[in-house]
Structure formats: structure tokens, C-alpha cells
Amino acid sequence: MTSLDWSTASTATQVRETLDSLRAQDLPTHGGRTLSYVYDSGLARADEIGREALAAFASTNGLDPTAFPSLAALESDLVALAAGLLHGPDSTVGVATSGGTESLILAVLAARDGAPHVQRPAVVAPSTVHAAVHKAGHLLGVDVITVPVDPVGFRADPEAMAAAITDDTVLVVASAPSYAHGVIDPVEQIAAIAAQRGIRCHVDACIGGWVLPFMAEVTPWTFAVEGVTSISVDLHKYAYTPKGVSLLLHRDPSLRRGHIFASAAWPGYTMLNTTLQSTKSGGPLAAAWAVVHAIGLDGYRELVAVAREATLRLAAAVDDMEGLTVVAAPDSTLLALQAGEGCDVFTIADEMRTRGWLVQPQMAFAGHPATLHLTLCAATAAKVPELVAALTESVARAREAGVVRVDPGLAAAAQQIDPETLDEAALDGLLAIAGLGGGDGSLQVPERMAEVNALLDAAPPALREALLAGVLDRLTR
Ligand SMILES: *Cc1c(COP(=O)(O)O)cnc(C)c1O
């Protein structure tokens, strides 16, 4: 809730001051200490040009590219730059979307509608695939069949994926790299299997698509790999552009056809869209175009070199730390860290938070323990010594504190609960037990999250989903 009275017009100063005070409660978007959610190039000039373009194009409407030809031109230019970066053939086409999730939904939609003969379409993906693919399956009525990854390297297992493909499979997905572990799946093998079966292969490069092309000696994953039919890459991640832009590229126009939507089934204008949104601001697209050009190829090469070096430096420092290990050697600029005996990642995350650093807890999954996720940006590089010091202190404190104990009775009870049967009152009760609510529909998010996280970690994934959906619901009542 804000304090402004809506019955009369507020002054510009009142509006600004209120917004400023609200923003002051947020995580910092710049400065390199927030190691997920935000991406900071450290280039103030590029940020400024992006903000200018965002404002200048805020009210334009991407609904109709013939009415706003500037937006069609900007989109085509970005798609062409990306196609060049990702070795797309001349036939490559693409669209700008609102983000990685929308790009993945459209890739699944195009694959589903590209195989109309399949009764019960399915996607085959490694278990590490981004949750956005599960969302796509949920929305589109497409089954998502996940296949366990190699338990040591956390990369997709091509043979196991091949075995999971059936006549119903319309799409195979690989990540470059995976968000949770930062490793690149064996795209060449996976794409070859898909091509052999006549199935599309999407590479989710949402987080790596603007990093890997600037690194030396990366395992092949682009359109240079035969059989890769589409690639998603988020500009609002490592292209360091303001939020709201991802690109979905297809090897040729026929593959895109399934997500071009037209409707003349009403008395108004003929609706014609390539994306999920209809009316959409041209602001994020223009901002992305502006930043991508303000930084340029050489600029990105430099930013990637800096972020990559910082990632390796941090990984080496963690290797020397008692109580913390790197889960998999990073293929890109992402790290997953695991706590050792007697030490808890959730406590480390809290300790980091009190020191002004955000590291993201990732819950235990498929028999693997919980980890911490770190996305390293160029702006973090200069602060690696500070980051290492903060991690060292945090790990020491976490080792002193020991592993967060979850009441065994509570953990056992959590295994018995069927999330499908939870009504609102039961959900309130559980949230109160978890330390997240007053039991009456109210919500309280504690300063230190270790206890809550440990409890959520002990809950089966379906219960965790129900509890966190309940949290979001209560947060926005
Ligand atoms: C971020 C990400 C997504 C989802 O992107 P949003 O922009 O958050 O919708 C999908 N896949 C991967 C690998 C990602 O890192």
C-alpha cells in the first residue's frame, strides 16, 4: 500500500517521492551485488541510452507493425543480429517476445501445431530444463516428459532422451546452459537424435545466448548444429537491456507458422499476432535495440570476458573454501554451490543477505541436495574479492550454526499431505507452521529465511508449489 490519496491529483513531486521510497525497499538492480534476477553491465552510458529509448517508445503499440513500422524495423534488425551471432542460415526468422518464458511457450506452441496429426503431443526434455517449459506444457496441453541428467555432470543424457521419444513427441529441448547448474547439454547428439526422428529441437539459450557466442571453445549448440530448429535468447539477461525482451529464432519460416495467430471471427479489426501479447509497448524492444547497438560486438566480447573471468576466479576461490563446493565446472557465467557436511546453504544465503549480497537458494531436487545459484555479471567482476570475503564469512557462520534442523515429525507429516486436497484454511495453517503467516490469511515473510527454506526443502515439490502459490496469493491480496 502506498500513502497517496487518489481522490485528488498528486503533484509530480509527491508521485516521484512515493515511487522512490517504494523502490528503496527493492533489491539493487545495479552494483553487481544481486546475483540473480538482474544483470548489470556497469556501463552507465548504455543504461542511459536504453532508458531514453524505453521512455521514447513507451506508448507505441506493437499490435500492428504496419501502423508502427519503426518497431518492425527494430525487431528485424535485432533478429538479424542474433541470427548472425547464432550461425542462423539465411532462411532464419524470429520474433521479439516479452521474455524467455514467452519464447519457450511459442516454441512449444509452434511444435504442437506443426504436428496436427499427433493426438497427445509431448515434449522430451532433460530434468534440468527451465520451469518455463513446464509452464508451456501446462498452458498448451502438451505433456512434458523429463529425463534424468547425468548425475555427476548434470548434463542431459542423449541416449536416455532418445529412449523417451515416442510417436507423440513433437519437440526435444536442450539448454545452453541450464539455469540451475550452468552447464551446456550435448546439443549435437540431442539434435541429431531429433532430426533422425523428424522432430524439432529447441535450444533454450535464454541465459547463455548472449554469452557463449563470445567465448572461445564452446561445445557446439547453435544453428551450426544440424537439427537445431529453434533457439531462444533473452536480451534482458546478458545483452544487459531493460526488462521485457527475448528473441525466438527459427531455422526457417515454416517452423514459425504455428505461432502466427489470425482471427477474423469478430466484428473488429482482424487480429494478427506473432506472439502471445497483442497490444504491447514498443519501449522494451526499442530499449533493447538501443543498448545492443550502444554496446556493440566488441563491447559484448569485453563484457563476457570480464564476467567469465570473474566466474572462474570465484569458482577457484570456492574450491579453496572449507564447507562449500562448486557443483559443476561452469560452462558459462553461472555457478551452483553446494554446502559441505554440517553447513547449510540456506543459512549461507541469509548471512550473505545481511552482508548486502543476494545469492539464490535452489531446493533439493531429484536426490540432489539444495544449492546456491549465482549469476555473474560484468559489474560483479570488480567486487569478486569482496564477494569471496563475504562468502568465506557466511560459510564460517553457517558452519558454526550447523545444519538447520527441521522437526522430523513435521517433515514426515509433509510427506503425507496431498496438496490437491488443501483448502484455504489448511493452507493458512501450514503457512503459519512454516513461519510464513499468522494463520488467518495474513502473510509474514521473516528477515531470515533459513528455517522456512529448510522446511520447504523438506516438503515434496507438489506441496512446495501449493505453499508458495499460497504465499503469492496472500502477498497480493
Ligand atoms: C531466465 C530463463 C528462462 C525464462 O526467462 P524469463 O525471461 O524469466 O521468462 C528460460 N530459460 C532459461 C535457461 C533461463 O535462464
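Residues numbered from 1 in each chain as written. Predicted model: local features only at pLDDT ≥ 70, side-chain atom pairs only at ≥ 80, totals over all residues. Heavy atoms only, no water.

## Looking at the pattern of salt bridges
Side chains that carry opposite charge are capable of pairing whenever their charged atoms lie near each other. Operational definition: Any Lys or Arg side-chain nitrogen located within 4 Å of an Asp or Glu carboxyl oxygen qualifies as a salt bridge. Only runs of H or I of at least four residues qualify as helices and only runs of E of at least two qualify as strands under DSSP, and these elements are numbered from the N terminus. For every residue, the accessible area obtained with a 1.4 Å probe (protein chains only) is divided by the maximum for its type, and the residue is called buried under 20%, exposed over 50%, and partly exposed between those limits.
All chains considered together, the criterion is met by 17 salt bridges. Residues R155 and D331 are paired through a salt bridge, measuring 3.0 Å at the closest nitrogen-oxygen approach. Of the two residues, R155 is situated in the loop between β3 (143-147) and α6 (158-164) and D331 in the loop between β10 (324-326) and β11 (334-339); the sequence distance between them amounts to 176 residues. Where R301 meets D298, a salt bridge forms, and the shortest distance between an N and an O atom there is 2.6 Å. Of the two residues, R301 and D298 are both situated in helix α9 (residues 283-319); the distance of three residues between them amounts to about one turn of the helix. On the basis of relative accessible area, D298 is assigned to the exposed category, the value being 58%. A network of salt bridges, in which partner residues are shared, links E424, D428, D473, R474 and R477.

## Focus: the environment of F214
Here is the rule: Note on contacts: a residue pair qualifies if any of its non-hydrogen atoms lie within 4.5 Å across the two residues.
As for its placement among the helices and strands, F214 is situated in the loop between β5 (200-204) and β6 (230-234). According to the relative accessible area criterion, F214 is buried, its value standing at 12%. Here the alpha-carbon distance between F214 and S91, two residues 123 residues apart in the chain, equals 23 Å. With residues near it in sequence (within four places) discarded, F214 still touches L85, L297, Y300, R301 and V304.

## Concerning the confidence of the model for the chain
Which entries qualify depends on this criterion: By definition, pLDDT measures how confident the predictor is in each residue, and it falls between 0 and 100.
In this model, the chain carries a mean pLDDT of 96, and residues with pLDDT of at least 70 account for 100%. Ranking the elements of the chain by mean pLDDT puts helix α13 (residues 408-416) last, at 87, and β5 first, at 99.

## Comments concerning the environment of P126
Tracing the chain through its elements places P126 in strand β2 (residues 122-126). According to the relative accessible area criterion, P126 is buried, its value standing at 0%. Each C-alpha atom, one on P126 and one on A265, is 39 Å from the other, the two residues being 139 residues apart in sequence. Each residue touching P126, except ones within four places of it in the same chain, is listed here: T146, V147, V149, A156, M161, V173 and D185.

## Examining helix α10 (residues 345-354)
Residues lying three or four places apart along an α-helix face the same way, a consequence of the helix completing one turn every 3.6 residues. Formally: For this analysis, a polar contact is any N or O atom pair within 3.5 Å, provided that within protein one partner can donate a hydrogen and the other can accept it, and provided that sequence-adjacent residues contribute only side-chain to side-chain pairs.
Of all 10 residues in α10, eight are buried; the element is thus mostly enclosed. Along α10, the residues that are buried comprise V345, F346, T347, I348, A349, D350, E351 and M352. Elements in contact with the buried residues of α10: β10, β11, β12 (360-362), β13 (371-375), α12 (384-401) and α15 (450-458). In this structure D344 caps α10, since a side-chain oxygen of it lies 2.9 Å from the backbone nitrogen of F346.

## Describing unusual backbone geometry
The peptide bond linking A176 to P177 adopts the cis configuration, its omega dihedral lying at -10 degrees. For Y37, which is not glycine, the phi dihedral falls at a positive 75 degrees. Within the element layout of this structure, Y37 appears in the loop between α1 (12-23) and α2 (44-56). With a phi angle near 60 degrees, H87 is a residue other than glycine that sits in the positive phi range. Within the secondary structure layout, H87 lies in the loop between α3 (69-85) and β1 (93-97).

## Considerations on the packing of α3 against α9
Rules: Angular values range over 0 to 180 degrees, each being the angle between N-to-C directions of two axes fitted as lines to C-alpha atoms, with helices fitted over their stretch in contact. Any angle that falls under 35 degrees is termed roughly parallel, while one over 145 is termed roughly antiparallel, one within 65 to 115 roughly perpendicular, and all others oblique. The crossing is said to be left-handed when, going from far helix to near helix, the turn is anticlockwise and less than a right angle, and right-handed when the turn is clockwise. Three categories are distinguished: nonpolar for Ala, Val, Leu, Ile, Met, Phe, Trp, Tyr, Cys and Pro, charged for Asp, Glu, Lys and Arg, and polar for the others, with Gly belonging to the last.
With their axes 10 Å apart at the nearest point, α3 and α9 run at an angle of 45 degrees to one another. Accordingly, the angle class assigned to the pair α3 and α9 is oblique. When the axes of α3 and α9 are compared, the crossing they make is left-handed. For the pair α3 and α9, the contacting residues are L71, L74, E75, D77, L78, L81 and L85 in the first and L285, A286, A288, W289, V292, H293 and L297 in the second. Its residues placed into classes, the contact of α3 with α9 shows 11 nonpolar, one polar and two charged.

## Structural notes on the nonpolar core
Stated formally: Among the buried residues, those of types Ala, Val, Leu, Ile, Met, Phe, Trp, Tyr and Cys that are joined through side-chain atoms within 4.5 Å form a nonpolar core.
Residues W210, W221, Y238, Y240, L247 and Y300 are the most contacted members of the largest nonpolar core, which totals 63 residues. Among the secondary structure elements, those contributing two or more residues to this core are α2, α3, β4 (169-175), α7 (187-196), β5, β6, β7 (246-250) and α9. Each residue touching Y238, except ones within four places of it in the same chain, is listed here: Y39, I207, W210, V211, Y300, T333, L334, T375, L376 and C377. Listed in part, the 51 residues of the second largest apolar core include V326, V345, L376 and A411.

## Observations concerning empty space enclosed by the protein
As a reminder of what qualifies: Cavities and pockets were defined on a 1 Å grid built from protein atoms only: a cavity is a group of points that admits a 1.4 Å probe but offers it no way out, a pocket is an open group of points flanked by protein on both sides within 12 Å along at least five of seven lines, and a lining residue is one with an atom within 4 Å of any such point. Grid points are joined across faces, edges and corners, and a volume is the space filled by probe spheres set on the points.
On inspection of all chains with the given rule, the structure shows three cavities of 30 Å³ or more. The computed volume of the largest cavity comes to approximately 70 Å³. T128, V129, H130, S175, P177, S178, Y179, D204, C206, I207 and K237 are the residues that line the largest cavity. For the lining of the largest cavity, the per-class residue count stands at five nonpolar, four polar and two charged.

## Thoughts on the layout of surface pockets
Vacant regions in the atomic arrangement are exposed by a probe of water-molecule size rolled over the atoms. Considering only enclosed or pocket space, the second largest pocket measures out at about 700 Å³ in volume. As for the second largest pocket, its lining consists of 33 residues, and the residues nearest its centre are G62, P65, E75, T274 and K280. Listed by contribution, the elements that provide at least two residues to the lining of the second largest pocket are α3, β1, β9 (271-273) and α9. Per element, the largest residue contribution to the lining of the second largest pocket is five residues, and it comes from α3. Here the lining of the second largest pocket is composed, by residue class, of 14 nonpolar, 15 polar and four charged.

## Details of the sheet that holds β12
Hydrogen bonding along the main chain pairs the strands of a sheet, whether they run parallel or antiparallel. In plain terms, the rule: Should DSSP find at least two bridges between two strands, the strands are regarded as paired.
Taken in spatial order, the four strands line up as β10-β11-β13-β12 in an open sheet, and their pairing is antiparallel. For this open sheet the edge positions go to β10 and β12, each flanked by a neighbour on one side alone. Strand-to-strand twist in this sheet, taken as the mean axis angle between neighbours without regard to direction, amounts to 35 degrees. Bridge count for β12 against β13 is three bridges, and the pairing is antiparallel. Following the sheet pairing, Q362 is matched in β13 by T371.

## Remarks on the sheet that holds β1
Spatially, the seven strands line up as an open sheet ordered β1-β7-β6-β5-β4-β2-β3, and their pairing is mixed. Of all the strands in the sheet, the pair left with one neighbour each is β1 and β3. Neighbour-to-neighbour, the strand axes of this sheet turn through a mean angle of 20 degrees, independent of strand direction. Note that β6 and β7 share five bridges and pair antiparallel. Within β7, the residue paired with I231 across the bridge is L249. The strands that α7 touches are β4 and β5; relative to β5, the one it contacts most, it runs at about 155 degrees.

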